[in-house]
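# Coordinate analysis (summary)
Next come the chains, spelled out residue by residue.
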Amino acid sequence: MGNVIVVSQRPSDAGELVGLARSIGDPVIVAFQDSAERVEELLSYGYKVYRVKSSRPEVLAKAISTLYNELKPKLIVGPNTRNVKDAMAWVAGLHDIHMAPDVAGVRVEPDGIVYKRGFLSERVTMTVKAPYPAIILVNPRVAEPAPREGVGELIELNVGDTMVRVLEVKAKELSGVNLEAAEVIVGVGRGFKAKEDLSMAFELAKLLGGQVGGTRPIAADLKWLPEDAWIGISGKRVAPKLYIAIGISGAPQHMSGVSGSKVIVAVNKDKSAPIFKQADYGVVADLYKFIPALIDVLKRRRGST
Amino acid sequence: MGNIVVLVKASLNPEIVRQNPDGTFDIDYTPLKISDVDRNALEEAARLRQVFGGKVYSVTVLTWGPLRAREKDLRLAVQEALAKVADEAFVVADESIIPGDYTVTANVIAAVIKKMGLNPSLILAGEASIDESTYQIPGRVAAKLGLPYVGYVKRIREVRGDRLVVERDLEDYIEVLEVPLPAVLSVTQEVNEPRPPTLIQIRMASRKPIHMLTLKDLGLDVKRQRSILDMRVVTVSRKQVLIEEASMEKAALKLVEYLEKEGVLRF
Ligand SMILES: Cc1cc2nc3c(=O)[nH]c(=O)nc-3n(C[C@H](O)[C@H](O)[C@H](O)COP(=O)(O)OP(=O)(O)OC[C@H]3O[C@@H](n4cnc5c(N)ncnc54)[C@H](O)[C@@H]3O)c2cc1C
Ligand SMILES: Nc1ncnc2c1ncn2[C@@H]1O[C@H](COP(=O)(O)O)[C@@H](O)[C@H]1O
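Predicted model only: the values in this text are computed from it and were never measured.

### Focus: empty space enclosed by the protein
All chains considered together, the criterion is met by two cavities of 30 Å³ or more. Taken as a whole, the largest cavity encloses approximately 340 Å³ of empty space. As for the largest cavity, its lining consists of 25 residues, and the residues nearest its centre are Lys-9, Thr-105, Ile-109, Ser-129 and Ile-137 of chain B. Elements that contribute at least two residues to the lining of the largest cavity include exactly strand 4 (53–61), helix 3 (102–115), strand 6 (120–126) and helix 4 (137–145) of chain B. By volume, the second largest cavity is sized at about 100 Å³. The wall of the second largest cavity is formed by 14 residues, among which Asp-102, Arg-117, Glu-122 and Ile-233 of chain A together with Ser-133 of chain B lie closest to the centre. Looking at which element gives the most residues to the lining of the second largest cavity, the answer is strand 6 (residues 112–119) of chain A, with three residues.

See the structure below:
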């Protein structure tokens, strides 16, 4: 038993990961960052659940590495979170095994795993074959969720001290917006000169019944938006009907996050900005002049119907 | 306090993706450039070098061929590292490890560090490369060298004797950590604002040594794990209609009209 190790960080990722693992072999689950209910859920898939009482990458890495030596699995599957990626890089290095994050599709063959993943900010799709054992971290919706009809066994997994010492833990400020479900998204970039100016974007989004998201520098660097409004390859992937990118240059790392949009509008004052080649409608204009005009036109249209 | 090693990758440039007529990716003609986040790592090395007081080395493993066609791009990337901060550069260019393989690359980097006697107190890398973006080479290198590893470092706060205090930006929270040296860190884009090297620095760089190595020099025998079966360019077909109007109102009216036709505006 246990030729596939499933690493689960969130309740939402467990079902699909266990589903994938079951289609390949015989799973055991490693769980962390868990509440009591979460352990209940994980046990209901009917497999052994190893609980690690910390979500720190080095703790997780040590735990998985111990389990790896014991079970000699042919595959480790997990989600693409920062904690898991970091832990698995170390495990992969220690045991010299292949690892691929952001996997968008897998096929199991007798002598190895064949997977697809985005390459070059997803401008290229790469298909790779790697021998067992391997580690793959998969995107959501790659596999069907497993049924919850079993009774698993809970095992505590304790690892000793790590070389790295935690002095303090700080929570991240999140807004709770669900950009993945938004039909209209107004995206803001460094073309905005001050945080207050984002009020224009919020007003526009409100008129269109949408949400506001932004580029990585806006969310992560300047912190003008909470981190869950960060769109792109290292942030959220969104698929609205309408995406309006304002003051955004169109870097591939941002655009891969919005490629699922039905219609993309770009507002940029630089006619040679790369975003215009990746947009359906491009407005060459200073956002400080154009956005108020657009808001006016929309308000008038609203008023007259 | 010791030497600093910076891992610098010459990555395929995602902004200039070339395609073959059959839709496959034209890897041989897509240019290489220094991986963006490695500039942040170099900037951090420049900031820390006074405190560390030793030498700064860059290590680069070429992962894309053909070798001869890559010479110029590779040199440019390495020279940026030298201009910015490195005293010496180590470059491994060997046909037998092209195209790259993650296990192989990490083993080669670890071998350069050990066999060339670089003896680092700190190894700095980027969080992810701009071509592969697998977030794994730094963690692998740490495991190979038996050193502590902290990824996603968004700030190096202070050097406290033989320890560093850093902030790590994880999925749901930020940690302040104390890391004993020597250690491997990968930094995020938020760690600093990299400044390009000055003209004087660029001129000085041409006098600094670049050590070109092969696997034979390292006494390494490696086995590649992955085989790339296919690489296909994802085609984006957007309408690319440009609206250029002197009157902002006219431009707005035009845009609204287009969006109504698309059926994505509701009043
Ligand atoms: C590994 C990695 C991961 C990354 N992940 C992400 C990610 O997930 N998401 C992401 O967004 N980025 C990501 N990036 C960063 C990305 O490469 C770009 O740096 C970033 O997207 C640029 O943001 P921006 O468009 O807001 O800023 P800029 O590139 O600075 O563009 C600002 C634009 O505003 C325009 N502008 C200026 N003033 C005005 C005005 N008055 N009116 C109209 N237009 C104006 C300018 O012409 C310019 O085109 C990543 C990078 C790396 C290396
Ligand atoms: N071939 C390479 N040569 C030197 N450094 C590398 C190489 N590949 C990756 N790195 C380092 O590892 C970081 C993460 O890359 P990756 O694991 O490819 O996402 C990069 O930012 C570099 O600092």
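Here the narrative resumes.
### Topic: the environment of Thr-198 of chain B
Residues and elements named next belong to chain B. Its place among the elements puts Thr-198 in the loop between strand 10 (183–187) and helix 5 (199–205). For Thr-198, a relative accessible area of 41% puts it in the partly exposed group. Between the C-alpha atom of Thr-198 and that of Lys-84, which follows or precedes it by 114 residues, the distance is 8.1 Å.

### A look at the site of ligand 2
All names here are of chain B. The environment of ligand 2 is formed by 21 residues, the closest being Leu-7, Asp-38, Val-61, Ser-129 and Tyr-135. In the model, an oxygen atom of ligand 2 is placed 2.9 Å from a nitrogen or oxygen of the Thr-134 main chain. Tyr-135 places a main-chain nitrogen or oxygen 2.9 Å from an oxygen atom of ligand 2. Relative to its free-state accessible area of 480 Å², ligand 2 is covered by the protein chains to the extent of 99%. Sorting the residues of the shell around ligand 2 by element identifies strand 4, helix 3, strand 6 and helix 4 as the ones contributing at least two each. No other element matches the three residues that strand 4 contributes to the shell around ligand 2. Across the shell around ligand 2, the residue classes break down as 10 nonpolar, eight polar and three charged.

### A look at helix 5 (residues 198–207) of chain A
Among the residues of helix 5 of chain A, those classed as buried are Leu-198, Met-200, Ala-201, Leu-204, Ala-205 and Leu-207 of chain A. At the C-terminal side of helix 5 of chain A, Gly-209 of chain A shows a positive phi close to 70 degrees.

### Some thoughts on the packing of aromatic side chains
As enumerated under the stated definition, the model contains six aromatic pairs over all chains in all. Note on Tyr-57 of chain B and Phe-90 of chain B: the rings are 5.8 Å apart at their centroids and 70 degrees apart in plane angle, and the pair reads as edge-to-face. Residue Tyr-57 of chain B is found in strand 4, and its partner Phe-90 of chain B is found in strand 5 (residues 88–92); the two are separated by 33 residues along the sequence. Residues Tyr-57 of chain B and Phe-90 of chain B agree in their burial class; the two are buried. Three or more aromatic residues link up through ring pairs in this structure, and these residues are Phe-119 of chain A together with Phe-25 and Trp-64 of chain B. In this structure, Lys-74 of chain A is placed above the aromatic ring of Tyr-132 of chain A, and the distance from its NZ or CZ to the ring centre is 4.7 Å. Over the ring of Tyr-135 of chain B we find Lys-85 of chain A; its NZ or CZ atom is 4.0 Å from the centre of that ring.

### Things to note about the domain arrangement of chain A
Reports of interface size often rely on the accessible area that becomes lost once the parts have come together. All names here are of chain A. Per the domain assignment, the segments making up chain A are domain 1 (4–156) and domain 2 (179–303). For domain 1 versus domain 2, the distance between C-alpha centres works out to 34 Å. Between domain 1 and domain 2 lies a buried interface of about 480 Å² when both sides are counted; carbon and sulfur atoms form 41% of it. On the surface where domain 1 and domain 2 come into contact, there are one salt bridge. A salt bridge links Glu-122 to Arg-237, with the nearest nitrogen and oxygen atoms 2.7 Å apart. Remark: the boundary between domain 1 and domain 2 carries one residue pair in polar contact (both at pLDDT 80 or more). Residues belonging to the side of domain 1 that touches domain 2 are distributed by class as follows: no nonpolar, one polar and four charged.

Rules of the game
Along each chain, residue indices are assigned from 1 in the same order as the chain's sequence is written. Chain letters and ligand numbers both follow the written order, the letters beginning at A and the numbers at 1. In keeping with the model being predicted, local features are shown solely for residues with a pLDDT of at least 70 and side-chain atom pairs are shown and tallied solely at 80 or more, while totals for entire chains, interfaces and linings include all residues. Side-chain numbers come from the whole structure's heavy atoms, not from hydrogens or water. Of the two site types, the cavity is a set of points on a 1 Å grid over the protein atoms alone where a 1.4 Å probe fits but cannot get out, and the pocket is an open set with protein on both sides within 12 Å along at least five of seven lines, each lined by residues with an atom within 4 Å of a point. Grid points are joined across faces, edges and corners, and a volume is the space filled by probe spheres set on the points. Counting from the N terminus, the helices are the DSSP runs of H or I reaching at least four residues and the strands are the DSSP runs of E reaching at least two. Between buried and exposed lies partly exposed: a residue is buried under 20% and exposed over 50% of the maximum accessible area for its type, with that area taken using a 1.4 Å probe on protein chains only. If a single non-hydrogen atom of a residue is within 4 Å of a molecule or strand, that residue counts as near it. Polar contacts here mean pairs of N or O atoms no more than 3.5 Å apart (in protein, one a potential hydrogen donor and the other a potential acceptor; neighbouring residues in sequence count only if both atoms are side-chain atoms). Residue burial considers only the protein chains on display, and all accessible areas are found by Shrake-Rupley using a 1.4 Å probe. The nonpolar class holds Ala, Val, Leu, Ile, Met, Phe, Trp, Tyr, Cys and Pro. Asp, Glu, Lys and Arg form the charged class, and all remaining residues, Gly among them, are polar. Stacked, tilted and edge-to-face are the three classes assigned to paired rings of Phe, Tyr and Trp, where Trp is represented by its six-membered ring and a pair needs centres within 6.5 Å; plane angles under 30 degrees give stacked, over 60 edge-to-face, the rest tilted. Geometrically, a lysine NZ or arginine CZ counts as sitting over a ring once it is within 6 Å of the ring centre and also within 35 degrees of the ring normal. Those domain boundaries reflect an automatic or database domain assignment. By convention, the term buried area covers the 1.4 Å-probe accessible surface removed from two parts as they join, with the contributions of both added. Definition used for salt bridges: Asp or Glu carboxyl oxygen within 4 Å of a side-chain nitrogen of Lys or Arg.

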